[in-house]
Amino acid sequence: MPRDKTASSDDHATDRPPVRRHDRDESDAILGLWILTSPDLDKIGSCLINDHVTQQQVGRGRTAHFRLHDDWLSRLHFEVGGNSDAKAPASCTLRDLGTSNGTHVNGIRRAHAVLQPGDVVRAGATLFAYDWAMVPQDDVGLIGWSRELQHVRSLALKLAGSDMPVVITGETGVGKEIIARAIHQRSDRKGQFLAINMASLVPGLVGSQLFGHRRGAFSGAVTEQAGAFDVAHGGTLLLDEIGDMLPEIQASLLRVVQFGQSHRLGDPTPHDIDVRLITATLRDLQESVGSGGFREDLYWRIAQGTIDIPPLRGRRIDIVPIFNHLLATTNTRWHRVLIENNPAYNFEMAAAMEKLYLHSWPGNVRELEAEAKRFSQGVEDITARQPKSEIYDLCSFFDFDNEHLDPDRAWPTAQTQSSVPDAAYPKHLSVLEDADALEREIESQFEGNIRAFSRHFASLTGMKSDTVRRRVYRKLKARQQIER
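Residues numbered from 1 in each chain as written. Predicted model: local features only at pLDDT ≥ 70, side-chain atom pairs only at ≥ 80, totals over all residues. Heavy atoms only, no water.

A. Spotlight on the overall build of the chain. Helix and strand counts for the chain stand at 15 helices and 19 strands. In the chain, buried positions account for 54% of the 484 residues. For the chain, the proportion of contacts with a sequence separation of at least 24, taken over those separated by at least 6, is 67%. For the chain, the accessible area works out to roughly 21900 Å², and carbon and sulfur atoms hold 48% of it. (Helix = DSSP H or I, 4+ residues; strand = E, 2+ residues; numbered from the N terminus. Buried < 20%, exposed > 50% of the residue type's maximum accessible area, 1.4 Å probe, protein only. Contact = heavy atoms within 4.5 Å. Areas by Shrake-Rupley, 256 points an atom, 1.4 Å probe, with all protein chains shown as cover.)

Structure, rendered in structure tokens:
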């Protein structure tokens, strides 16, 4: 529910401005409670710093130490501060201040919790992450706030200033090509950036596609053809999935790296090339060297610089910033319009982003990109069909379920959301007409979870859950306007 009746007075303002990362030294990340999404758009990317000495109160009221313009927050919603336990110096304590909407930690409503780095907190329509992070002034094209990603940025910038070969490792979909592009764009190389996926090259023509061929070099070679190394002359060539390279191609690549010379098929003499080589792989190349699948001399030539990109589940604070960036690139003007004009959308958005945060993302950024496109299309479709609708089930637009949830941060199941037996719940619509009774019912039986209430009520009455939810929000919003 948007507001509670027992909030403190708005007198004696102590509206402390939030700490912004760009006001501080960017060499070190900060451990704190970072705002991932909120109706208070100017506060996104701000951090409530825990100094391990004082307790700080968060809410929408002017007496809150950290104030947010979020009507779904109580005036004083929760209190957060340093943990006095010397055995857990990186943790902090959080205490809900008796609110109607409650405070959720890792998807579960909690009155008190000890936060560990990587935890997510949802209060009202605002989503926080407790972690080591920073919001850089220059993201080098790498979207995210995590300390781990900042380390990758620093390595990329250092390597951009040289021409040494680089190996980028990481799971599929983590953004290895993005890192390679960032290195090229920050280098002094004037040529183009060219990316080649070794797994996609035509068997039997790999040598020609990489190094080119002369006319008549083999059957069907009716014209002279430049290879990838020739095309990338003066620039940067990324060879993705280098672990799939055939042994005979590895020998040719070794000559390129060692002597700066490429040998076209059918050409009796090599020619000089100037190419910055970056390779990428999800395999352990050193393990491949040990098993004989990859040449050791080539490995030490191409791995003069190395960057390992951690998976998305290992840097969760990056998930929501990347998702919002992807929404922005799809030209979804409706997203900002709804955030600015629809309080119910903000409340649902916080719950949807919480679910994103708790997903384990086996496909990493590539999977997140697919979900962003699906989400964008889903909201555009429903707003086109129901332009005056005030509420949307945003979680339903994501095409994943509990199968890939982080086991350490469990999304609440239907059993944890509600333990109300069907026979004990009213099967009539009158409960939707009395705002006070409705709020008491949701609070006492469903721990303030409107979505769980709507699903359960719909199952008993035959109504659609989104219809129930819309009526609940309208009733509570109408009462809020009367109270004002």
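B. Quick look at the packing of aromatic side chains. Enumeration according to the criterion identifies 11 aromatic pairs in this entry. Geometrically, the ring pair formed by Phe 78 and Phe 128 is edge-to-face, given 5.5 Å between the ring centres and 90 degrees between the ring planes. Here Phe 78, found in strand β6 (residues 78-82), pairs with Phe 128, found in strand β12 (residues 126-133); they are 50 residues apart in sequence, far enough to count as distant. Note on accessibility: Phe 78 and Phe 128 belong to one class, buried. (Phe/Tyr/Trp six-rings, centres within 6.5 Å; stacked < 30°, edge-to-face > 60°.)

C. Quick look at the sheet that holds strand β7 (residues 92-96). On the basis of which strands lie adjacent, the open sheet formed by five strands has the order β5-β4-β6-β7-β10 and mixed pairing. A single partner strand is all that each edge strand has here, and the edge strands are β5 (66-67) and β10 (112-115). Relative to β7, β6 is paired through five bridges, and the arrangement is antiparallel. Bridged to Gly 82 within β7 is Cys 92. (Pairing = 2+ DSSP bridges.)

D. Geometry of the nonpolar core. Core analysis: the largest hydrophobic core is formed by 37 residues, its most contacted members being Phe 323, Met 353, Leu 356, Leu 368 and Phe 375. The set of elements that each furnish at least two residues to this core consists of β2 (30-37), β12, α8 (319-329), α10 (343-358) and α11 (364-385). Ranked by the residues each element gives to this core, the list is headed by α10, at seven residues. (Core = buried A, V, L, I, M, F, W, Y, C linked by side-chain atoms within 4.5 Å.)

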